[in-house]
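# Reading the structure
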Amino acid sequence: MIEDFFPGCALYRHPVHADPRGKLIALEQMRTVPFDIARVYYLFANATGQERGFHAHRALHQWAVCVSGSCRILVDDGRKRHDILLDSPELGLHLGPMIWHEMRDFSPDSVLLVLASAHYDEADYLRDYDEFLALVRHETRA
Ligand code: TYD
């Protein structure tokens, strides 16, 4: 682990298999990635200056890898924020449940690969920041 931001949110450096031919990284469920992988999606042809995300998930775990180019992901647990630069395929960001995230500064060649623990489910999204804050603050008190 490179840096632990919040419970369920940390930046990792993947083990790399490097030889004269190049580099290879393997991501395995319940080994490199601490959840079973149900879905893979990737963001590409990212338009300059555009921002994405602006939500949290109630239960979903995700693992984000900028496999080409670079982008920034802001993570927020309702108390603190961290701005993380993903500029190497060797980096993996674990985004667990109840972490608000915003993605920006996509380089034109960027490809952001995301492994997710569940199928797409709009009901798992929290897209309203105030609702997210109310939920995390309530959970912290409980
Ligand atoms: P959206 O949630 O707006 O993306 P972001 O979080 O990056 O801002 O998703 C864009 C569209 O893609 C929206 O219509 C939902 C759809 N979508 C899927 O069908 N499956 C998926 O796994 C994801 C992540 C999005």
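In this report, we go over the structure that sits alongside the text.

Thresholds, definitions, all that
Residues numbered from 1 in each chain as written. Predicted model: local features only at pLDDT ≥ 70, side-chain atom pairs only at ≥ 80, totals over all residues. Heavy atoms only, no water. Helix = DSSP H or I, 4+ residues; strand = E, 2+ residues; numbered from the N terminus. Rg over C-alpha atoms; globule rule 2.2 N^0.38 Å. Buried < 20%, exposed > 50% of the residue type's maximum accessible area, 1.4 Å probe, protein only. Contact = heavy atoms within 4.5 Å. Areas by Shrake-Rupley, 256 points an atom, 1.4 Å probe, with all protein chains shown as cover. Pairing = 2+ DSSP bridges. Axes fitted to C-alpha atoms, helices over the stretch in contact; angles between N-to-C directions. Near = heavy atom within 4 Å. Polar contact = N/O pair within 3.5 Å; in protein donor to acceptor, adjacent residues only side chain to side chain.

Right, let's talk about the overall build of the chain for a bit. For the chain, the count of helices and strands is one helix and 13 strands. If you list the helices and strands of the chain from N to C, you get β-β-β-β-β-β-β-β-β-β-β-β-β-α. Computed over its C-alpha atoms, the radius of gyration of the chain comes to 15 Å, within 12% of the 14 Å expected for a compact globule of 142 residues. A principal-axis box enclosing the C-alpha atoms of the chain has dimensions of 55 × 35 × 25 Å. Buried residues in the chain amount to 40% of all 142 residues. Partitioning the intrachain contacts of the chain with sequence separation of at least 6 by distance along the chain shows that 76% fall at a separation of at least 24. For the chain, the exposed surface amounts to about 8000 Å²; the carbon and sulfur share of it is 52%.

The strands that make up a sheet are held in pairs by hydrogen bonds between backbone atoms, and each pair lies either parallel or antiparallel. Pairing within the open sheet is antiparallel, and its six strands lie in the order β1-β2-β10-β7-β12-β5. On the outer flanks of this sheet lie β1 (3–6) and β5 (39–43), each paired with one strand and no other. For this sheet, the mean inter-axis angle between neighbouring strands, taken without regard to orientation, is 20 degrees. The pairing of strand β2 (residues 9–13) with strand β10 (residues 91–95) spans five bridges and is classified as antiparallel. When the bridges of β10 are listed, Cys9 appears paired with Leu95.

What follows deals with the sheet that holds strand β8 (residues 71–76). What the five strands build is an open sheet, ordered β9-β8-β11-β6-β13; its pairing is antiparallel. Each edge of the open sheet is held by one strand with a lone partner, namely β9 (81–86) and β13 (125–126). Where strand β6 (residues 52–57) and strand β11 (residues 100–104) come together, three bridges link them in antiparallel fashion. Across the sheet, the residue bridging to Arg52 is Met103, located in β11.

This part takes up the site of the ligand. Taken together, Arg39, Tyr41, Arg52, Gly53, His55, Met103, Tyr120, Tyr125 and Arg127 make up the full set of residues adjacent to the ligand. At a separation of 2.9 Å, an oxygen atom of the ligand approaches a polar backbone atom of Gly53. Within the complex, 58% of the 540 Å² of free accessible area of the ligand lies under protein. Elements with a minimum of two residues in the shell around the ligand: β5 and β6. In terms of residue count, the dominant contributor to the shell around the ligand is β6 (three residues).

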